[in-house]
Amino acid sequence: LLGLSLYFEDGHDDLDDFGFDDYGSECDGIRITAFLDAGQDNLTPLGRLEKYAFSENVFNRQIVARGLLDVLREFSDNENDFISVMETVARMSEDGEPTVRAELMEQVPNIAMFLHESRPNFPAAFSRYLVPIVVRYLTDPNNQVRKTSQAALLVLLEQGLLSKADMETKVCPVLLELTEPSSDDDYKIEAVAIMCKVVTMLSKDTVEHLLLPRFCDLCSDARLFQVRKVCAANFGEFCSIVGQEATEKLLMPKFFDLCSDSLWGIRKACAECFMMVSNSTSPEVRRAKLSPLFISLISDQSRWVRQAAFQSLGRFISTFANPSSTGLHFTEDGALLEVPRCTLDRYEHLTQIYWAAAQTERWFTLPPTRMAAQHHPRNTSLPGENHSGFSSRVSDSSTNNTKNTKDTEHCDENFNSFHYWRSPLPDISGELEILSSQKPSDVAEDEEEKEEPQNSIPDSMCSPGKATSDQIQKVLDCLQPHMDDPDVQALFQRTSLRLRSVSSCVNPGIIYSSRQQVQQYSLSSVHVANVIPQQLLDQYLSMTDPARAQTVDTEIAKHCAFSLPGVALTLGRQNWHCLKDTYETLASDVQWKVRRTLAFSIHELAVILGDQLTAADLVPIFNGFLKDLDEVRIGVLKHLYDFLKLLHADKRREYLYQLQEFMVTDNSRNWRFRYELAEQLILIIELYSHYDVYDYLRQIALTLCSDKVSEVRWISYKLVVEILQKLYTCGSDDLGLNFINELTVRFCHCPKWVGRQAFAFICQAVVEEDCMPMDQFSQHLLPSLLSLSSDPVANVRVLVAKALRQSIMEKAYFKEPGCAYSEELEETVMALQSDKDRDVRFFASMDPNKSLMDTAPLI
């Protein structure tokens, strides 16, 4: 033990008692439990433990406390001795010296883990002896002991070593006691902090019934601002634990008070946790109460509060996102995918609800197959059947009707994708009946109303029995989640016009005579306002204003860029026009960190916008990022495959000519850039034809294989193998053979040993990945590989031995009777087994069934 001599300054007798007489103070080999060894006394080991655990020498007691885990190990085989040690620990916890108590508490998590792993009666022993110590030390008069106890408590909770019963009956009561109004200020502040930390590790019931009432009281503590500040900082955690009902009923009033607290630090903490609070409320509360509250924070008199609010603005807006309107959802692994629905055409799920209105009003004509679907609404496929993003466009569906129909026949009759990821739509059957009840003459009158003066109101729109404005508004509300569909937009516009016409029966001054005005009203004001409050969007769009950087935060544009995909997801692609200018402004920002942020997320934004908007609005910006600084280009490169796969094949093919540009970097020493390129190319291979792979990617791969950095070469060899597999999988054996000949010349006959070694690795990978038929491998690659078995460089022979012994000879093809290469393989391996190099002999003799040793360091 370092500094052990400090514990025994009172004389040599103590060293003798501990059995340290043969060791110097600098010795690292001293056992901390040496005091248990037989010495000059006649005491048993337990007796010696008692002697030194309660010695008058404080240093002796510190040593015992520090070595408790080893002491328990010494006595763990005997139940009685084990209980005796635990009782000694309980008595030691009452030591009057704070350093002894702190040393003991530091060992509690380790002891608890040992008991959990080795003692069958762990819960009882731990609960009986150690938990009371932890709880008691939470109120210890010494600050160091209290801090150590708090840290130990958190570790025990994180490791799941504290039972629910102990938390409810032993820990929580102490926390409640320490947070009472009459409690000491220092204890109270510490207890609030520890309460807020442990709440995330407790069950909802425990938090709601034991801690929530006290937390609400602490939020209103008028005397200690530190208490209110801790509560504000952890408010979101409490909301997420207790859920929506308790949040809206009990916590929301407290949150409003904290957001208007006189101290800016508390208001700032509220702004920082606003997203978590919003996630725990209903959409109605979020819109009606939290939005105005957030606007007050974003216009706060304190710059620090405004700064925190703007940083949280995008995240708060993202809480308004609804899969039913965005058409997207996040999977458990964080991937953004289209809402699962049956692989039918895009209208079929809509016509189940809106077909009557569409048919009667004649706003668009459905093909016969669609009409058939209207009268026989289908339930849709199981979740996950169509998770291919936005690739299932309407242009593809026409060629797949037969397949899609067959797919739907197997759908679960109890599953409906229209309600799977979204809240149930309101029942508008009554309104649709009214819309459907109009006669053809009524429809003709509707057509004629476009030619009437602005203040002239058709009688048909005001006559009894026709659809009311409320009924038509319900239809509009149901159409809004599907505004990305152009035909639904047309239906929405016509319905909006009719709503205005009906409303004008009461107030003629509000009728819209211009189709352009109707479109602007329906697609901009109504739809955006129904997704998020307009004030929030206006504040978000203002984050690119240079004045904001001066009055709020110099990095406000970066925060805007960071949250833009979330805002775009919330608004939906039908409202992309609201964000387009902001995105273009950010993409041309002079700060490279802003552009870098966008580059790292452009592939996610492409998923949100779909292929048409991506091609129109994102591709130009993507092309600009390709020519930017390396710090920006790396963001594009890391997700190059994710972005390219969303483009149409013709647009995607244009980038074949630009991939070579990634080989050039601002700093040639930036080898990780080239490493990332090789990794992306491995994925990108599937996006292109084997002809394109051979013509474009092959040359890039071969160049990377000759890189100066071994890590880049290592991953590039795998890229070469993937290309070879692509060629043979597509049946292009001639191109495959050309590539093999090129590999043989470039690597097998390379004057540098690293090239010859690479050839051995490639051959092994080809066999393991089944990249080509074994007869083709035997004819075109194996002879060259066998020639390397006598290579003068041992590192080459090592990989040859590894490839032959662990992969090639294990293939059934080479074990078949009459295989032309069986005998030659055996002779080569036997020669390698007697090689002069030890590593070569090891790999040539190694059992193939054992785990393979990593030979990457040899390359």
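It should be emphasised that the depicted structure is a prediction, and the values quoted were computed from it without experimental measurement.

Engineer: Honestly, the UniProt feature "repeat: HEAT" (unreviewed entry) in the chain in this entry has me stumped. Any pointers?
Structural biologist: The feature "repeat: HEAT" (unreviewed entry), as given by UniProt, occupies residues 211-250, 290-328 and 781-804 in the numbering adopted here. From the first C-alpha to the last, residues 290-328 spans 25 Å; its make-up is 74% helix and 3% strand.

Engineer: Would you take a moment to explain unusual backbone geometry for this structure?
Structural biologist: With the exception of glycine, most residues fall at negative phi, and the peptide bonds are largely trans. In the Ramachandran plot, aspartate 770 falls in the positive-phi region, its phi being about 50° despite a non-glycine side chain. Within the secondary structure, aspartate 770 sits in the loop between α43 (753-768) and α44 (774-780).

Engineer: Can you help me understand helix α10 (residues 185-198) in this one?
Structural biologist: Residues spaced three or four apart along an α-helix point in a common direction, a consequence of the helix completing one turn every 3.6 residues. A rise of 1.5 Å per residue sets the reference length of α10, with its 14 residues, at 20 Å; its end C-alpha atoms lie 20 Å apart and thus fit the reference within 8%. On its buried side, α10 packs onto α8 (143-158), α9 (164-178), α11 (204-219), α12 (225-233) and α13 (235-242). For α10, the side-chain oxygen to backbone nitrogen distance between the N-cap and aspartate 186 is 3.0 Å, and the N-cap itself is aspartate 184.

Engineer: Just to check I follow, could you spell out the environment of valine 85 for this structure?
Structural biologist: Here valine 85 lies in helix α5 (residues 79-92). According to the relative accessible area criterion, valine 85 is buried, its value standing at 1%. Taking the C-alpha atoms as reference points, valine 85 and leucine 49, 36 residues apart in sequence, are found 8.3 Å from one another. Excluding anything up to four places from it in sequence, valine 85 contacts Leu46, Leu49, Val71, Leu72 and Phe75.

Engineer: Whenever I open this one, the packing of aromatic side chains confuses me. Can you help?
Structural biologist: Aromatic ring pairs are described here by two measures, namely the spacing of the ring centres and the angle between the planes. Considering all chains together, one arrives at 20 aromatic pairs under this definition. Judged by centre distance (5.8 Å) and plane angle (50°), the ring pair of phenylalanine 215 and phenylalanine 235 falls under tilted. With phenylalanine 215 in helix α11 and phenylalanine 235 in helix α13, this pair connects stretches of sequence that are 20 residues apart. Comparing phenylalanine 215 with phenylalanine 235 shows no difference in burial state: the two are buried. An aromatic cluster is present here, built from Phe215, Phe235, Phe238, Phe255, Phe274, Phe294, Phe316 and Phe320 joined pairwise through their rings. For the cation-ring pair, arginine 286 lies above phenylalanine 320, with the distance from its terminal atom to the ring centre recorded as 5.9 Å. It is arginine 698 that lies over the ring of tyrosine 694; its NZ or CZ is 4.1 Å from the centre.

Engineer: Is there a simple way to think about the side chain of threonine 665 in this case?
Structural biologist: Positionally, threonine 665 belongs in the loop between α38 (649-653) and α39 (671-684). Threonine 665 sits in the buried class, given a relative accessible area of 14%. Polar side-chain contacts of threonine 665 include one of 2.8 Å to the backbone oxygen of asparagine 667. The residues touching threonine 665, leaving out its near neighbours within four places in the chain, are Asp630, Arg633 and Phe673.

Engineer: Help me understand the pattern of salt bridges in this model?
Structural biologist: Counting across every chain of the model gives 25 salt bridges. For the salt bridge of lysine 170 with aspartate 166, the shortest nitrogen-to-oxygen distance reads 3.4 Å. Of the two residues, lysine 170 and aspartate 166 are both situated in helix α9; the distance of four residues between them amounts to about one turn of the helix. Residue classification places lysine 170 among the partly exposed positions, given a relative accessible area of 26%. A salt bridge links glutamate 654 to lysine 651; the nearest nitrogen and oxygen atoms lie 3.6 Å apart. Connected through salt bridges with shared partners, the residues Arg146, Lys147 and Glu190 form a single ionic network.

Engineer: Teacher, can you tell me more about the nonpolar core here?
Structural biologist: If you look at the biggest cluster of nonpolar residues, it comprises 226 residues, and the most contacted ones within it are Phe235, Phe238, Phe255, Phe777, Leu785 and Leu804. Top element by residues in this core is helix α35 (residues 592-626). It accounts for 15 residues. Counting only domains with at least three residues in this core, you end up with domain 1 (28-162) and domain 2 (748-858). In this structure, phenylalanine 777 is in contact with Cys763, Val766, Val767, Met772, Leu782, Ile808 and Phe814, ignoring residues within four places of it in sequence.

Engineer: So what exactly am I meant to see when it comes to the environment of isoleucine 602 here?
Structural biologist: With respect to the helices and strands, isoleucine 602 occurs in helix α35. Exposure remark for isoleucine 602: the relative accessible area of 2% places this residue in the buried category. The sequence separation of isoleucine 602 and aspartate 642 amounts to 40 residues, and the corresponding C-alpha distance is 9.5 Å. Ignoring sequence-local partners within four residues, the contact set of isoleucine 602 consists of Tyr583, Leu618, Ile621, Phe622, Phe625 and Phe643.

Calculation notes
Residues numbered from 1 in each chain as written. Predicted model: local features only at pLDDT ≥ 70, side-chain atom pairs only at ≥ 80, totals over all residues. Heavy atoms only, no water. UniProt positions renumbered as here; feature names shortened; annotations may be inferred. Helix = DSSP H or I, 4+ residues; strand = E, 2+ residues; numbered from the N terminus. Expected span 1.5 Å × (residues − 1). Contact = heavy atoms within 4.5 Å. Polar contact = N/O pair within 3.5 Å; in protein donor to acceptor, adjacent residues only side chain to side chain. Buried < 20%, exposed > 50% of the residue type's maximum accessible area, 1.4 Å probe, protein only. Phe/Tyr/Trp six-rings, centres within 6.5 Å; stacked < 30°, edge-to-face > 60°. Lys NZ or Arg CZ within 6 Å of the ring centre and 35° of its normal. Salt bridge = Lys/Arg side-chain N within 4 Å of Asp/Glu carboxyl O. Core = buried A, V, L, I, M, F, W, Y, C linked by side-chain atoms within 4.5 Å. Domains from an automatic or database assignment.

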